[in-house]
Amino acid sequence: MAKAPEADAIVLFGGAGDLALRMLFPSLYFLDADGFLPEGFRIIAVARSELAAEDFRRQVREAVETRARPVAVDEAVWSRFAARLDYRAVDATQAGELKAVEAALAGARAPIFYLALSPSLYIGVCQALWASGLATPQSRIVLEKPIGQNLESSREINAALAEVFEEEQVFRIDHYLGKETVQNLIALRFANTLFEPLWNNLTIDHVQITVAETEGVGERWPYYDEYGALRDMVQNHVLQLLCLVAMEPPSDMDADSLRNEKVKVLRSLRPFTRHEAGQSSVRGQYVAGVAGGEAVAAYEAERGQPSATETFVALRVDIDNWRWAGVPFFLRTGKRLPERRTQIAIQFKGVPHSIFGGQATTDLTANRLVIDLQPDEDIELLLMNKAPGLSQGGMRLQSLPLSLSLLKAYSGPNSRRRIAYERLILDVIHGDNALFVRRDEVEQAWRWVDGVAEAWDEAAMAPRPYPAGSWGPAGAFALIERAGRAWYE
Ligand code: BG6
């Protein structure tokens, strides 16, 4: 396939919204500061409300300042960046109104259309882009999750996209794939000889993936209540992490090589049955509690009425293939948990036989590889070693981490933790789809998630309450204990 041309403009639909201001404009500014934006690259924000160009620039400037803190905005970069910015008040679902966008594009040949919008508008905007003639073979379209609310609705969106764009022109964002440590997982697995021979059911006992947040749902409930933790987090971020841990080595970093391997993992996920629902999953919803030292309200109080939506989910997932047969993956994610932590833990099996007598045998613990993605980026391999010093009655053993602190390794006066969107936007500019989710991937993830939701319905599994600031309902502990393991705290 011919290499996509470098994009020469970006149109941000939803350009006055929260995502655009918090993430997208700051990302574009930082890309500009580092010299990654092509010369003449234009940035056109589109939203429905009338806004004077100066007011719009001021809003963007404030957003960039907030994100850059404590470092000040570089005035030279800012004036270059501000000169790229434009704003158009347009209803993007009306092809006729897109004339204003065409004028602002000023002949750009390879524009990016970024839909930072409610998914309910995706199909309408897509059709308007086609009808207005703005969607050309050189253009590309970026969509935020959620792509649909289930398999059927995601298919409808994907079908509408496919009528207008080739799959290579479509960039479905899962912002977790833009995170540095998530990409590092690929490097760790495939740029080292050490792990791959051990990366299977002969050596690995189980895997834990935790995506814990301290925040509640708050003002986002109108969206969240329709989705819940399973659809909001598991369908995308958590399954993407699982895929990167579990996939076979791709032959290269080509977008399709990588995504083919991820789809194979998704296809191997054992479907949930009604019986399994009770055994292998837990739904929870936070009630009032204490988080970060403060009393916080129940989800239903934020929502203003009773709700059957889960804000926590824990799952035991089995991958039915040769590599992973018999290795359970334990997944959990939730709001209002005691700490913010995104972590993947690979638990290796113990040594087959202990040569150490007495206490040392008790001390002996199996190796574990812990990959922390948030809040800090860290990789630790827990290894056994001899406790220093003399002891009677045999050697003492202890577990110590071999640690790769990315914070320490890469901290310097000019180092800054990049926003995941910087990487992703840069890849869209260059037409590289590797870190974006392909159509069959998104649909396969929905197929499996729909199965979980159906099993919950059939088993009439309502969310169990858990106090805000705790690690979810008691059932989450029972779930993993039934398998003879425990969550790492
Ligand atoms: C979003 C979810 O996709 O990811 C949110 O909709 C969640 O509910 C967020 O809070 C978490 O992202 P991050 O990057 O803060 O871990």
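Residues numbered from 1 in each chain as written. Predicted model: local features only at pLDDT ≥ 70, side-chain atom pairs only at ≥ 80, totals over all residues. Heavy atoms only, no water.

A few points about the pattern of salt bridges
Item 1. As enumerated under the stated definition, the model contains 37 salt bridges in all.
Item 2. Of the charged contacts in the structure, one is a salt bridge between Glu196 and Arg189, with a shortest N-O distance of 3.3 Å. Of the two residues, Glu196 and Arg189, neither departs from the other in class, the shared state being buried.
Item 3. Between Glu489 and Arg332 there is a salt bridge, with its nearest N and O atoms 3.7 Å apart. In this pair, Glu489 sits in the segment after helix 16 (474–481) while Arg332 sits in strand 12 (residues 329–334), placing the two residues 157 residues apart along the sequence.
Item 4. Among the ionic contacts, a cluster of salt bridges with common partners joins Arg189, Glu196, Glu248 and Arg323. (Salt bridge = Lys/Arg side-chain N within 4 Å of Asp/Glu carboxyl O. Buried < 20%, exposed > 50% of the residue type's maximum accessible area, 1.4 Å probe, protein only. Helix = DSSP H or I, 4+ residues; strand = E, 2+ residues; numbered from the N terminus.)

Structural notes on the packing of aromatic side chains
Two descriptors summarise a pair of aromatic rings, namely the distance from one centre to the other and the angle between the planes of the rings.
Item 1. Under the defined criterion, the tally for this structure stands at 16 aromatic pairs.
Item 2. Here Trp78 and Phe81 contribute two aromatic rings whose centre-to-centre distance is 5.8 Å and whose plane-to-plane angle is 50 degrees, an arrangement assigned as tilted. One end of the pair, Trp78, and the other, Phe81, are both in helix 3 (residues 75–84), three residues apart, so they sit about a helical turn from each other. An identical accessibility class is assigned to Trp78 and Phe81; each is buried.
Item 3. Sitting above the plane of the Trp471 ring, Arg332 keeps its charged end 4.5 Å from the centroid.
Item 4. The ring of Tyr286 carries Arg336 above its face, with NZ or CZ at 6.0 Å from the centroid. (Phe/Tyr/Trp six-rings, centres within 6.5 Å; stacked < 30°, edge-to-face > 60°. Lys NZ or Arg CZ within 6 Å of the ring centre and 35° of its normal.)

Regarding the pairing of strand 5 (residues 140–143)
Item 1. Side chains of strand 5 alternate between two faces, with Arg140 and Val142 and Ile141 and Leu143 buried alike.
Item 2. Sheet analysis places strand 4 (residues 111–115) next to strand 5, joined by four bridges and oriented parallel. Paired with Phe113 across the strands is Ile141, a residue of strand 5.
Item 3. The handedness of the strand 4 to strand 5 crossover, carried by helix 5 (residues 122–131), is right-handed.
Item 4. Pairing analysis gives three bridges linking strand 5 to strand 6 (residues 170–172), with the strands arranged parallel. (Pairing = 2+ DSSP bridges. Right-handed = clockwise from strand over helix to strand, strands pointing away.)

A few points about the side chain of Arg283
Item 1. In this fold, Arg283 is placed in strand 8 (residues 281–287).
Item 2. A polar contact is formed between the side chain of Arg283 and the backbone oxygen of Ala308, at a distance of 3.0 Å.
Item 3. Here Glu310 takes part through its side chain, which lies 2.7 Å from a polar atom of the side chain of Arg283. (Polar contact = N/O pair within 3.5 Å; in protein donor to acceptor, adjacent residues only side chain to side chain.)

Remarks on the sheet that holds strand 5
Item 1. Strand order in the open sheet made by the six strands is 3-2-1-4-5-6, with parallel pairing throughout. The open sheet has two edge strands with one neighbour each: strand 3 (85–89) and strand 6. Here the average twist between neighbouring strands, direction ignored, is 20 degrees.
Item 2. In the sheet, strand 1 (residues 9–13) pairs with strand 4 via five bridges, with the strands oriented parallel. Across the sheet, residue Val11 finds its bridge partner in strand 4, namely Phe113.
Item 3. Packing of helix 3 onto the sheet brings it into contact with strand 2 (42–47) and strand 3, and relative to strand 3 it is tilted by some 35 degrees. (Axes fitted to C-alpha atoms, helices over the stretch in contact; angles between N-to-C directions. Contact = heavy atoms within 4.5 Å.)

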